[in-house]
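# Residue-level structure breakdown
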Amino acid sequence: MRNLPKLTVVGAGPGDVELITLKAINALKQADVVLYDALVNNDLLKYVNPNAEIIFVGKRRGCYRYQQEQINELIVARGHSHGHVVRLKGGDPFIFGRGAEEMEYAAKFGLQTDVVPGISSSLAVPAYQNIPLTKRGSSESFWVITGTTKKHQISSDVALAAKSNATVVILMGMGKLSEIIQLFQKEKKHDLPVAIIQNGTTPQEKIGIGTVNTIEQVVAKNKLSNPAIIVLGEVVKHRAELQLVQSQIKTNIAV
């Protein structure tokens, strides 16, 4: 008997296959159809119901296998023809993941909807590099901002964030890096530490550390590109401070 039409939007986490929740894995096991994105670790597909249809609908800059409208229509069509559709999305589907839009569309066409939160790359990727988004004495809050809006422009929130003392995390911002840097320079934050982390939490992870004034040179030297996360703030220093403490301990043990 076919399941009732349903959409479950599932967060796959930032890339490390172990950073997915048990609830998410259970949803994959119960799926009749799984539509997954480009940033999803393919190893997660081994948890999918072996009888389910698996469809790649990933989008990369300049390469769209499916437009968003087509994905929406596919969700509804498969929901009515197969039953339970799981939409597997990188990170958390409610943080720049368009999960809410897909649920709204599916609900209009009679699908039940549910969401399984995921570990957001905005939190996990800096953490994997020992960069806390908040730290007593360094940062009391943080911003998470999309670098590029729907109109392919830099978000106006970046300029507001640059005026604050908060940690600023920018997703999908590599194409606007020069503009971002200029906004922080305008606020006289030339020496503010910056980290750029590419392919965070995966074996292909790369990182570049610099300041507002030097980070573009660091990016060029390390050949950093999307998918990457930009972190600006004093908390970036914690990584080096921790490494220094650890090296001192190793030296003392060796002596």
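Not measured: the values here are computed from a predicted model.

### So, the sheet that holds strand β1 (residues 6-11)
Strand order in the open sheet formed by five strands is β3-β2-β6-β1-β7, with parallel pairing between adjacent strands. Sheet topology places β3 (53-56) and β7 (112-116) at the edges, where each strand pairs with a single neighbour. Averaged over all pairs of adjacent strands, the angle between strand axes in this sheet comes to 15 degrees, irrespective of strand direction. In this sheet, strand β6 (residues 84-89) lies alongside β1 in parallel orientation, the contact comprising six bridges. Following the sheet pairing, Gly 11 is matched in β6 by Lys 89. Packing of helix α2 (residues 68-82) onto the sheet brings it into contact with β1, β2 (33-36), β3 and β6, and relative to β6 it is tilted by some 150 degrees.

### Some words on the domain arrangement of the protein
Partitioning the protein into domains gives domain 1 (6-116) and domain 2 (121-241). Between the C-alpha centres of domain 1 and domain 2 there is a distance of 28 Å. Taken residue by residue, the interface counts nine residues in domain 1 and 13 residues in domain 2. Together domain 1 and domain 2 conceal approximately 800 Å² of surface at their shared face, both sides included; 68% is due to carbon and sulfur atoms. For the domain 1 face of the interface with domain 2, the top three residues by lost area are Pro 14, Asp 16 and Phe 96, together amounting to 56%. Linking domain 1 with domain 2 are two residue pairs in polar contact (both at pLDDT 80 or more), by the criterion used here. The residue inventory of the side of domain 1 that touches domain 2, partitioned by class, reads five nonpolar, two polar and two charged.

### Points about the pairing of strand β9 (residues 167-171)
Buried residues dominate β9, accounting for five of its five residues. Both faces of β9 are covered, namely the face carrying Thr 167, Val 169 and Leu 171 and the face carrying Val 168 and Ile 170. Direction of pairing for strand β8 (residues 142-146) relative to β9: parallel, over a ladder of five bridges. Its bridge partner lying in β9, Ile 145 is registered against Ile 170. Note that the unit made of β8, helix α5 (residues 157-162) and β9 has a crossover that is right-handed. One ladder, built from four bridges, connects β9 with strand β12 (residues 228-232); its direction is antiparallel. Pairing of Val 168 across the sheet is with Leu 232, part of β12.

### Section: the sheet that holds β8
In a beta sheet, neighbouring strands pair by backbone hydrogen bonds and run either parallel or antiparallel. With mixed pairing, five strands are arranged side by side in an open sheet as β8-β9-β12-β10-β11. In the strand order of this sheet, the two ends are held by β8 and β11 (206-211), each with one partner. The average undirected angle you get between the axes of adjacent strands in this sheet is 15 degrees. Bridge analysis of strand β10 (residues 193-198) against β12 gives five bridges, and the strand direction is antiparallel. In the strand pairing of β12, Ile 196 is matched with Ile 230. Its contacts with the sheet place helix α4 (residues 121-128) against β8, β9, β10 and β12, and it is angled at close to 75 degrees to β12. This element, helix α6 (residues 177-186), spans β9, β10 and β12 of the sheet and lies at about 5 degrees to β12.

### Quick look at the packing of aromatic side chains
Scanning the entire structure with this criterion turns up two aromatic pairs. When the ring of Tyr 36 is compared with that of Phe 56, the centres are 5.3 Å apart and the planes differ by 55 degrees; the resulting orientation is tilted. A residue pair is termed long-range when its members are at least 10 positions apart, and Tyr 36 in strand β2 and Phe 56 in strand β3 qualify at 20 residues. Residues Tyr 105 and Phe 109 carry aromatic rings whose centres are separated by 4.9 Å and whose planes lie at 35 degrees to one another, so their mutual orientation is tilted.

Rules behind the numbers
Starting afresh in each chain, residues are numbered from 1 along the sequence in its written order. Totals for whole chains, interfaces and linings use every residue, but because this is a predicted model, local features are given only for residues with pLDDT of at least 70 and side-chain atom pairs only at 80 or more, for both listing and counting. By convention in this description, side-chain values take in all heavy atoms of the structure and omit both hydrogens and water. A pair of strands is labelled paired if DSSP reports no fewer than 2 bridges between them. Here a helix means four or more residues in a row that DSSP labels H or I, a strand means two or more in a row labelled E, and each is numbered from the N terminus. To obtain an axis, a line is fitted to C-alpha atoms, over the contacting stretch when the element is a helix, and the angle between two such axes runs from 0 to 180 degrees between their N-to-C directions. By definition in these notes, contact holds between two residues if any of their heavy atoms fall within 4.5 Å. The split into domains, and so the bounds of each, comes from an automatic or database assignment of domains. Buried surface area refers to the total accessible area, computed with a probe of radius 1.4 Å, that the two partners give up upon joining, counted for both partners together. Two N or O atoms form a polar contact when they lie within 3.5 Å of each other; inside protein one atom must be a possible hydrogen donor and the other a possible acceptor, and for residues adjacent in sequence the pair counts only when both atoms belong to side chains. Here the term charged refers only to Asp, Glu, Lys and Arg, the term nonpolar to Ala, Val, Leu, Ile, Met, Phe, Trp, Tyr, Cys and Pro, and the term polar to all other amino acids, Gly among them. Burial classification: accessible surface area is computed with a 1.4 Å probe over protein chains only, and a residue below 20% of its type maximum counts as buried, one above 50% as exposed, and the rest as partly exposed. Think of it like this: strands point away, you trace from the first strand over the helix to the second, and a clockwise trace means the crossover is right-handed. Stacked, tilted and edge-to-face are the three classes applied to pairs of Phe, Tyr and Trp rings, where Trp contributes its six-membered ring and a pair requires centres within 6.5 Å; stacked means planes under 30 degrees apart, edge-to-face means over 60, and tilted covers the rest.

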